[in-house]
Amino acid sequence: MTEPTPRTRKLDLDTISRLSMVRPGDSAEGLAEVQRYLRSYGYLRRADYTPDQLDQPTSDALYKYQERHGLSSSGAFDNPTREEMTQSRCAMPDMRNGVAFATACAWDRRTLTFAFDSGTDDVPGAAEIDAVRAAFATWAAAAPLTFTEVSVGQNPDIRIGWRPATDPDLSMVGGTLAHADFPPGCSVVTNTLPKPVHFDDSEHTWSVGAQPGAFDVETVALHEIGHILGLAHSSVPGAVMFPTVRPDFTLRALTADDLAAIDALYALPWRDIGHANNVVAMAGLNGKLYCATSDNQLWMRDPVGWEVDWVAIGHANNVVAMAGLNGKLFCATSDNRLWIRDPFPWEVDWTDIGHAATVVAMAALNGKLFCATADSNLWMRDPSPWEVNWTDIGHANNAVGMAGLSGKLFCATADGNLWMRDPSPWEVDWTDVGHANNVVAMDAVNGSLFCATSDSRLWMRPPGI
Ligand SMILES: [Zn+2]
Ligand SMILES: [Zn+2]
């Protein structure tokens, strides 16, 4: 275990706020505090500079700081730099030995537990706990990750609490609000579990929502959980992973920059697992894959023991989309009908159960059927009772395949992207979770996504998404 190295003396932001313009080559009393600031966040090494002198190493460090914070990069200590340095911020460093965290790492698993050890008296009731839970849910909706709350006695992976600023594992004395750690393998605070998410409870006021002089718990929690998942600080102003945050402010949604970062860490590749010729629709049901082909055949394949090839099990005429739900196969046909078939026994044929107009993709999830239509709408239907018709629940543009997996809908689009959407609440839109090129049909079985592509291959994306 690495011993923590808390900063021993508080960063004196008052001194920094009183300092006026300092140009490269100049000296100024109080500039040493700016140099300590740059050192604290990984921009400058102690041995490299002369205190109170804006020498070359200090100017280089200021340049990197300005670049990362979206300020005009001059290498001088100027007004915008002073303003940025005196903002409240996260205690985690931006750089390590002057180098950006290019190699923040991912967890080696996709299911993590978390526990709360303390809250804050700044917020009435337990609203701060709910705010942190909401931040976990936001990350879970954006990545193939599952977070389960446990008690502190159940060996959580992540332990959350409000601490005095003189926090033993990483001091938050000074302008810092909170800290976390990176995943095992790239830790900066501790090499053992649980990983900390610690909020400074002595020098800052916490709120739920934007309040003057206070910091929104969910906003800061979303940022700190990003570190726990392996994201470093972003240099894109406005991103959740940007290192500074204002009081009286909320940022509770991930930005494109944050989503690209989590995708880079957790998006999984597809594996080629065999052939799938002329497929037009695919469904997973009872641990098996089914597909309909353009020659009107229905096929079954057991994904356990891939040496077993597709077995013809009957006909499926003019199918455009297929799904497996409640032990039955469902298909939509080009004449706009919806059909159901019980795969056991096979002599029972398809039964017409209603209409399904211009369907391009279909999936089953949480006991309901979902379909995307040629007019870019997404529809949901409860298969029992059948008198309940399709309900329009949003958009699904250019869908070519759709699957339900782990409580989420996945959809492949004609532009080669893979999207994920949490069906509740419906206001949450599709999130880009990787690529899926040339897909003609998709579904899920046994915790994995499967797709058939236009070059007649069958692909699997391993469990975890
Ligand atoms: Zn941070
Ligand atoms: Zn701590």
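That block above? That's the structure.
All of these numbers come straight from a predicted model, not from anything done at the bench. (Residues numbered from 1 in each chain as written. Chains lettered and ligands numbered in written order. Predicted model: local features only at pLDDT ≥ 70, side-chain atom pairs only at ≥ 80, totals over all residues. Heavy atoms only, no water.)

Undergrad: Tell me about the sheet that holds strand 17 (residues 337–341), residues and numbers included.
TA: In spatial order, the strands read 15-16-17-18; together these 4 strands make up an open sheet with antiparallel pairing. Only two strands of the sheet have a single neighbouring strand rather than two, namely strand 15 (319–325) and strand 18 (351–355). Put simply, the sheet's adjacent strands are angled 25° from each other on average, direction ignored. As defined by bridge partners, strand 17 adjoins strand 18 across 4 bridges and the pair is classed as antiparallel. In the sheet register, Arg 337 faces strand 18, and the bridge partner there is His 355. (Pairing = 2+ DSSP bridges. Helix = DSSP H or I, 4+ residues; strand = E, 2+ residues; numbered from the N terminus. Axes fitted to C-alpha atoms, helices over the stretch in contact; angles between N-to-C directions.)

Undergrad: Break down the coordination of the zinc ion (ligand 1) for me, with residues and values.
TA: Taken together, Cys 90 (SG), His 223 (NE2), His 227 (NE2) and His 233 (NE2) make up the full set of protein donors to the zinc ion (ligand 1), lying 2.0 to 2.3 Å away. In this structure, the zinc ion (ligand 1) is coordinated by 4 donor atoms arranged in tetrahedral fashion, with angles at the metal of 99 to 121°. For the zinc ion (ligand 1), all donor residues lie on one chain, and their spacing in sequence is C-x132-H-x3-H-x5-H. Taken together, the residues span a long stretch of sequence, with Cys 90 in the loop between helix 4 (79–85) and strand 1 (95–96) and His 223 in helix 6 (residues 217–228) at a distance of 133 residues. Judged on exposure class, the residue Cys 90 and its partner His 223 are both buried. (Donors = N, O, S within 2.8 Å, 3.2 Å for Na, K, Ca; no water. Tetrahedral: all angles 85-135°; square planar, octahedral: opposite > 155°, others 65-115°. Buried < 20%, exposed > 50% of the residue type's maximum accessible area, 1.4 Å probe, protein only.)

Undergrad: Explain the state of the cysteines residue by residue, including any values.
TA: As enumerated under the stated definition, the model contains 1 disulfide in all. Left without a disulfide partner, Cys 371 is nearest to the cysteine sulfur of Cys 411, which lies 12 Å away. Assessed through its relative accessible area of 2%, Cys 371 is described here as buried. Here Cys 451 is not cross-linked by a disulfide; its sulfur's nearest cysteine counterpart is in Cys 411, at 12 Å. (Disulfide = S-S within 2.5 Å.)

Undergrad: Before we move on, can you summarise the coordination of the zinc ion (ligand 2) with the specific residues and values?
TA: In the first shell of the zinc ion (ligand 2), the protein supplies Asp 167 (OD), Asp 169 (OD), His 179 (NE2) and His 198 (ND1), at 1.8 to 2.0 Å from the metal. Relative to the metal, the 4 donor atoms surrounding the zinc ion (ligand 2) lie at angles of 103 to 124°, and the coordination shape comes out tetrahedral. Ordering the donors of the zinc ion (ligand 2) by residue number gives the pattern D-x1-D-x9-H-x18-H. Of this pair, Asp 167 sits in the loop between strand 5 (158–163) and strand 6 (178–179) while His 198 sits in strand 7 (residues 195–200); the two residues are 31 residues apart in sequence, bridging distant segments of the chain. Classification of Asp 167 by relative accessible area gives buried; the value is 2%.

Undergrad: Please provide a residue-by-residue account of the packing of aromatic side chains, values included.
TA: Per the stated rule, a full pass over the model turns up 10 aromatic pairs. Considering the side-chain rings of Tyr 37 and Tyr 41, the 4.9 Å spacing of their centres and the 65° angle between planes classify their relative orientation as edge-to-face. Side by side, Tyr 37 and Tyr 41 carry an identical accessibility label, which is buried. An angle of 85° between the planes, with centres 5.2 Å apart, marks the rings of Phe 199 and Trp 206 as edge-to-face. For the residue pair Phe 199 and Trp 206, the accessibility class agrees, reading buried in each case. One aromatic cluster in this structure is built from Tyr 37, Tyr 41, Tyr 43 and Tyr 65. When the ring centre of Tyr 41 is taken as origin, the NZ or CZ atom of Arg 89, which lies over that ring, is 3.5 Å away. (Phe/Tyr/Trp six-rings, centres within 6.5 Å; stacked < 30°, edge-to-face > 60°. Lys NZ or Arg CZ within 6 Å of the ring centre and 35° of its normal.)

Undergrad: Residue-level account of unusual backbone geometry, with values.
TA: The omega torsion across Leu 193 and Pro 194 is 0°, close enough to zero to call that bond cis. Counting through the fold element by element, Pro 194 comes out in the loop between strand 6 and strand 7. We note that Asn 286 has phi near 50°; this positive angle belongs to a residue other than glycine. In this structure, Asn 286 sits in the loop between strand 11 (279–285) and strand 12 (288–293). In this model, Ser 456 sits at a positive phi of 70°, which is unusual for a non-glycine residue. On the secondary structure map, Ser 456 appears in the loop between strand 28 (448–453) and strand 29 (457–461).

Undergrad: Explain the side chain of Lys 195 to me, using residue names and the numbers behind them.
TA: Within the secondary structure, Lys 195 is located in strand 7. Within polar-contact distance, the side chain of Lys 195 engages the side chain of Asp 181 at 2.8 Å. Of the polar contacts made by the side chain of Lys 195, one reaches the backbone oxygen of Phe 182; its length is 3.1 Å. Setting aside anything within four residues of it in sequence, one finds Lys 195 in contact with Trp 107, Asp 157, Ile 158, Arg 159, Asp 181, Phe 182, Pro 183, Pro 184, Ser 187, Thr 190 and Ile 228. (Polar contact = N/O pair within 3.5 Å; in protein donor to acceptor, adjacent residues only side chain to side chain. Contact = heavy atoms within 4.5 Å.)

Undergrad: Just give me the short version of helix 7 (residues 256–266), but keep the residues and values in it.
TA: Taken together, the buried positions of helix 7 are Asp 258, Ile 262 and Tyr 266. Down the axis, helix 7 shows its buried residues gathered within 50° of arc, on one side only. What points out from helix 7, more than 90 degrees from its buried face, is the exposed set Ala 256 and Ala 264. Buried residues along helix 7 sit in contact with helix 5 (127–142). (Arc of directions from axis to C-beta.)

Undergrad: Explain the environment of Pro 343 to me, and be specific about the residues and the numbers.
TA: Mapping Pro 343 onto the fold places it in the loop between strand 17 and strand 18. Exposure remark for Pro 343: the relative accessible area of 0% places this residue in the buried category. Taking the C-alpha atoms as reference, Pro 343 lies 51 Å from Asn 191; in sequence the two are 152 residues apart.

Undergrad: Can you break down the nonpolar core residue by residue, with the values?
TA: Formed by 40 residues in total, the largest nonpolar core has its most connected members in Val 132, Trp 139, Phe 147, Ile 160, Phe 199, Trp 206 and Leu 229. Only strand 3 (111–116), helix 5, strand 5, strand 7, helix 6 and helix 7 provide two or more residues apiece to this core. In this structure, Leu 229 is in contact with Cys 105, Ala 106, Trp 107, Leu 112, Trp 139, Leu 145, Phe 147, Pro 183, Ile 262, Leu 265 and Tyr 266, ignoring residues within four places of it in sequence. Membership of the second largest hydrophobic core comes to 21 residues, among which are Leu 11, Leu 13, Leu 38 and Ala 61. (Core = buried A, V, L, I, M, F, W, Y, C linked by side-chain atoms within 4.5 Å.)

Undergrad: Explain the sheet that holds strand 6 residue by residue, including any values.
TA: If you walk across this open sheet you meet the 5 strands as 4-3-5-7-6, and the pairing is mixed. For this open sheet the edge positions go to strand 4 (146–149) and strand 6, each flanked by a neighbour on one side alone. With respect to the sheet, helix 6 is in contact with strand 5, strand 6 and strand 7, its orientation differing from that of strand 7 by roughly 150°.

Undergrad: Any details on the pattern of salt bridges? Residues and values, ideally.
TA: Using the criterion set out here, one finds 16 salt bridges in the structure. Where Arg 133 meets Asp 130, a salt bridge forms, and the shortest distance between an N and an O atom there is 2.7 Å. With Arg 133 and Asp 130 both in helix 5, this residue pair falls 3 residues apart, about one helical turn. According to the relative accessible area criterion, Asp 130 is partly exposed, its value standing at 44%. Glu 149 serves as the salt-bridge partner of Arg 133, at 2.6 Å between the closest nitrogen and oxygen. Of the two residues, Arg 133 sits in helix 5 while Glu 149 sits in strand 4, which places them 16 residues apart along the sequence. Judged by relative accessible area, which is 34%, Glu 149 ranks as partly exposed. One salt-bridge network, held together by shared partners, links Asp 117, Arg 159, Arg 163 and Asp 167. (Salt bridge = Lys/Arg side-chain N within 4 Å of Asp/Glu carboxyl O.)

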